[in-house]
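# Structure assessment
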Amino acid sequence: MRLSASHLAYAYDRRTVLEDVSLELHAGESVALLGANGSGKSTLIRLLLGIVQPLRGEIRVGDKPLSALSARERARRLAYVPQDHGAVFPFLVQDVVLMGRMPHQSWLGGARANDLTQVANALERLGIADLALRAYTELSGGQRQLVLIARALAQEAPILILDEPVTGLDYGNQHRLMAQIQDLARSGFAILQSSHYPEHALAAATRVILLKDGRVLADGPAEIVLCPEHMRALYGVDIEFVDVGDGRRVIVPCANKILPLVV
Ligand SMILES: Nc1ncnc2c1ncn2[C@@H]1O[C@H](COP(=O)(O)OP(=O)(O)OP(=O)(O)O)[C@@H](O)[C@H]1O
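None of the values given here were measured: they were computed from a predicted structure. (Residues numbered from 1 in each chain as written. Predicted model: local features only at pLDDT ≥ 70, side-chain atom pairs only at ≥ 80, totals over all residues. Heavy atoms only, no water.)

A word on the environment of Asp95. Turning to its location among the elements, Asp95 is positioned in helix α3 (residues 93–98). For Asp95, a relative accessible area of 30% puts it in the partly exposed group. Placed 12 residues apart in sequence, Asp95 and Gln83 show a C-alpha to C-alpha distance of 20 Å. (Helix = DSSP H or I, 4+ residues; strand = E, 2+ residues; numbered from the N terminus. Buried < 20%, exposed > 50% of the residue type's maximum accessible area, 1.4 Å probe, protein only.)

As structure tokens, this is what we get:
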């Protein structure tokens, strides 16, 4: 299923934070959305999910305008993994993941065998089946992140949107998650993830979109878009590529350049 946005604009009060943003996301693609702090990534994601409405422009999911879909119809098409993992009530992990099945359940029907199978599969796929009976509120930030990704998988929506999904994950889980994202895209999901890590985008994204000051600076294959000029324009950092010998390249900051913080 295709997600497309054309000429989006958005403002908080009168301050424009997105202007003329267009993008497409297709089944089988893993797209990374990169940009400096405050460049508009989370706002764009909120628009794509229909949480806020654009000032101008249109978003379409498949052949329908997003604004014409009910919340339930949206949730059958789009799954979201937020940055914030806060929770108040100590639901069991399996119940949190089961919430992802709500768009598929009837009002009074409750969970069916297939819902429970999807929950078990999602937990298994992310390697956290052993957390199923733990209270969500008692998990670490990284464990909560994995649970929310499992909830999104259980939702069985063809489009998966993740807001900085590796935040709080340890080094191993970051790499396992990037591999999972590649696998999910290969199996047909359309995936958009915002990220602060060009190296993850280079390793795991089929396409990269760069946002600068609320506008699209570049959109294309990772190895073309993540060039030194764009990285300097986006982050004020000089980078170089290092060949690691097996056909892969990694991005590293140039040595001997200490740069001031940009806020
Ligand atoms: N609720 C809000 N009210 C007013 N301004 C906001 C609000 N949320 C975000 N902004 C502003 O909109 C701009 C874009 O913010 P946004 O959170 O979309 O950026 P981001 O790229 O996701 O940033 P980060 O990488 O730091 O998470 C920023 O200037 C921010 O200060």
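Now that the structure is up, let's keep going.
The next subject is the confidence of the model for the protein chain. Considering every residue of the protein chain, the mean pLDDT works out to 90; 95% of them sit at 70 or more. Across the whole predicted complex the pTM is 0.89, and at the interface the ipTM reaches 0.98. (pLDDT = per-residue confidence, 0-100.)

A separate point is the sheet that holds strand β7 (residues 159–163). Strand order in this open sheet of 6 strands is β6-β7-β8-β3-β9-β10, and the pairing throughout is mixed. Of all the strands in the sheet, the pair left with one neighbour each is β6 (78–81) and β10 (215–220). Strand-to-strand twist across the sheet, computed as the mean angle between neighbouring axes with direction ignored, equals 15°. Packing of helix α5 (residues 141–154) onto the sheet brings it into contact with β6 and β7, and relative to β6 it is tilted by some 175°. In the packing of helix α6 (residues 171–186) onto the sheet, the strands contacted are β3 (30–35), β7 and β8 (190–195), and the crossing angle to β8 comes to about 150°. (Pairing = 2+ DSSP bridges. Axes fitted to C-alpha atoms, helices over the stretch in contact; angles between N-to-C directions. Contact = heavy atoms within 4.5 Å.)

The grouping of Val88, Phe89, Phe91, Met99 and Met102 at the surface amounts to a nonpolar patch, some 540 Å² of accessible area in total. Residue placement: Met102 occurs in the loop between α3 and α4 (113–125). (Patch = residues over 30% accessible without salt bridge, like charges linked within 9 Å, V, L, I, M, F, W, Y side chains within 5 Å. Areas by Shrake-Rupley, 256 points an atom, 1.4 Å probe, with all protein chains shown as cover. Salt bridge = Lys/Arg side-chain N within 4 Å of Asp/Glu carboxyl O.)

Time to look at the pattern of salt bridges. If the charged atoms of two oppositely charged side chains come close together, the side chains can form a pair. Within the structure shown, the criterion is met by 12 salt bridges. With its nearest N and O atoms 3.2 Å apart, the salt bridge here joins Arg2 to Glu24. Pair noted here: Arg2 is in the segment before β1 (3–12) and Glu24 is in strand β2 (residues 15–25), with a separation of 22 residues, a long-range link. Its relative accessible area of 34% is what places Arg2 among the partly exposed residues. The shortest N-O distance in the salt bridge between Asp115 and Arg112 comes to 3.8 Å.

Bringing the packing of aromatic side chains into the picture now. Any aromatic ring pair is given by two values, namely how distant the centres are and how the planes are angled relative to each other. On inspection of all chains with the given rule, the structure shows 2 aromatic pairs. Between the aromatic rings of Tyr10 and Tyr12, the centroid separation amounts to 5.1 Å while the plane-to-plane angle is 85°, which identifies the pairing as edge-to-face. Since its relative accessible area comes to 12%, Tyr10 is described here as buried. Take Tyr12: its relative accessible area is 36%, and that puts it in the partly exposed class. On the basis of an interplanar angle of 70° and a centroid distance of 6.4 Å, the ring pair of Phe89 and Phe91 is categorised as edge-to-face. Classification of Phe89 as exposed rests on a relative accessible area of 56%. Residue Phe91 is classed as partly exposed on the basis of its relative accessible area of 41%. A cation sits over an aromatic face here: Arg144 above Tyr136, 5.2 Å from the ring centre. Positioned above the aromatic ring of Phe241, the side-chain terminus of Arg249 is 4.1 Å from the ring centre. (Phe/Tyr/Trp six-rings, centres within 6.5 Å; stacked < 30°, edge-to-face > 60°. Lys NZ or Arg CZ within 6 Å of the ring centre and 35° of its normal.)

On to the pairing of β2. Two elements, β1 and β2, share 7 bridges in a ladder whose sense is antiparallel. Its bridge partner lying in β2, Leu3 is registered against Leu25. The hairpin formed by β1 and β2 contains 2 residues between the paired strands, and Asp13 there has a positive phi angle of roughly 55°.

It is worth spelling out the site of the ligand at this point. In the vicinity of the ligand lie 13 residues, with Asn37, Gly38, Lys41, Ser42 and Thr43 positioned nearest. The contact in question runs from a nitrogen atom of the ligand to an N or O atom on the side chain of Tyr12, over 3.4 Å. One of the side-chain nitrogen or oxygen atoms of Ser42 is found 2.9 Å away from an oxygen atom of the ligand. Contact with the protein chains covers 62% of the free accessible surface of the ligand, which is 630 Å². Every element with two or more residues in the shell around the ligand is listed here: β2 and α1 (41–49). At 3 residues, α1 tops the list of elements feeding residues into the shell around the ligand. Taken together, the residues that form the shell around the ligand break down as 3 nonpolar, 7 polar and 3 charged. (Near = heavy atom within 4 Å. Polar contact = N/O pair within 3.5 Å; in protein donor to acceptor, adjacent residues only side chain to side chain. Nonpolar A, V, L, I, M, F, W, Y, C, P; charged D, E, K, R; others polar.)

The antiparallel open sheet is built from 4 strands, whose spatial order is β2-β1-β4-β5. Only two strands of the sheet have a single neighbouring strand rather than two, namely β2 and β5 (64–65). Bridge analysis of strand β4 (residues 56–61) against β5 gives 2 bridges, and the strand direction is antiparallel. In the strand pairing of β5, Val61 is matched with Lys64. Packed on one face of the sheet, α1 meets β1, β2 and β4 and runs near 120° to β1.

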